[in-house]
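Residue-level structural notes
So you can see what is in the structure, the chains are spelled out below.
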Amino acid sequence: MKACLKNPLPWRRVLTVYIAVLAIVGFWPTPVDKPLHGFLEAALKYLHSHGVPGWFNYHLIEASANVAMFIPFGILIAMALPAKAWWQLASLGLMTSTCMELGQLLFIAARFASLTDVVTNTLGTVIGSCIVRLLTASYSNEHARWMCLGSAKGDGGSSQQ
């Protein structure tokens, strides 16, 4: 994993493409879920009539989709900017989401700016960046452990723990 982080340029390129995708979704002239709205309502009605609790609703699905949309963003910024702290990466997610929501508020009458969207998008960014940090730390610890075992075996096993 560390080898992947030594050259962040490819990740920065992929991040640029993903930001363009986020911009398309964020600045689409109508809500991106509009074509699915009727289907979602029907599916939720069916699920609720079969015992799924009422809190599993459109707002939960929308919030979950916002989190899911920004998890890749968090992964990509953590890979593209490996030296940044988690809170700096979270700030980038917050700023990106805030710009999207402000753009919707100021320029797109059919879209609705939402503080909830900013929070859920930022949460997705944090989750994505934490995934990278956890995998990087796990890989580093595993690699270090095998290096120690390898050297212990190399000296006849006298220093095995």
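The coordinates are above.
Structure report, in brief. (Residues numbered from 1 in each chain as written. Predicted model: local features only at pLDDT ≥ 70, side-chain atom pairs only at ≥ 80, totals over all residues. Heavy atoms only, no water.)

Thoughts on a nonpolar patch on the surface
A contiguous nonpolar surface patch, about 480 Å² in accessible area, is contributed by Leu102, Leu105, Leu106 and Phe107. Here phenylalanine 107 shows up in helix H5 (residues 86-107). (Patch = residues over 30% accessible without salt bridge, like charges linked within 9 Å, V, L, I, M, F, W, Y side chains within 5 Å. Areas by Shrake-Rupley, 256 points an atom, 1.4 Å probe, with all protein chains shown as cover. Salt bridge = Lys/Arg side-chain N within 4 Å of Asp/Glu carboxyl O. Helix = DSSP H or I, 4+ residues; strand = E, 2+ residues; numbered from the N terminus.)

Some thoughts on the environment of alanine 65
Along the chain, the position of alanine 65 falls in helix H4 (residues 58-80). On the accessibility criterion, alanine 65 (42% relative accessible area) is partly exposed. Remark: the alpha-carbon pair of alanine 65 and threonine 120, spanning 55 residues in sequence, is separated by 8.8 Å. (Buried < 20%, exposed > 50% of the residue type's maximum accessible area, 1.4 Å probe, protein only.)

Observations regarding the packing of aromatic side chains
The final tally for this structure, using the stated rule, is two aromatic pairs. Ring plane angle 75 degrees and centroid distance 6.5 Å describe the contact between tryptophan 55 and phenylalanine 56, whose orientation is recorded as edge-to-face. Taking the centre distance of 5.5 Å and the plane angle of 70 degrees together, the rings of phenylalanine 70 and phenylalanine 73 count as edge-to-face. On the criterion of helical spacing, the pair formed by phenylalanine 70 and phenylalanine 73 is a turn pair, its members being three residues apart in helix H4. In terms of burial, phenylalanine 70 and phenylalanine 73 fall into one category: buried. (Phe/Tyr/Trp six-rings, centres within 6.5 Å; stacked < 30°, edge-to-face > 60°.)

Notes on helix H3 (residues 37-49)
The end-to-end C-alpha distance of H3 is 18 Å, a good match for the 18 Å that 13 residues give at a rise of 1.5 Å each. Looking at the residues trailing H3, positive phi occurs at glycine 51, about 100 degrees. (Expected span 1.5 Å × (residues − 1).)

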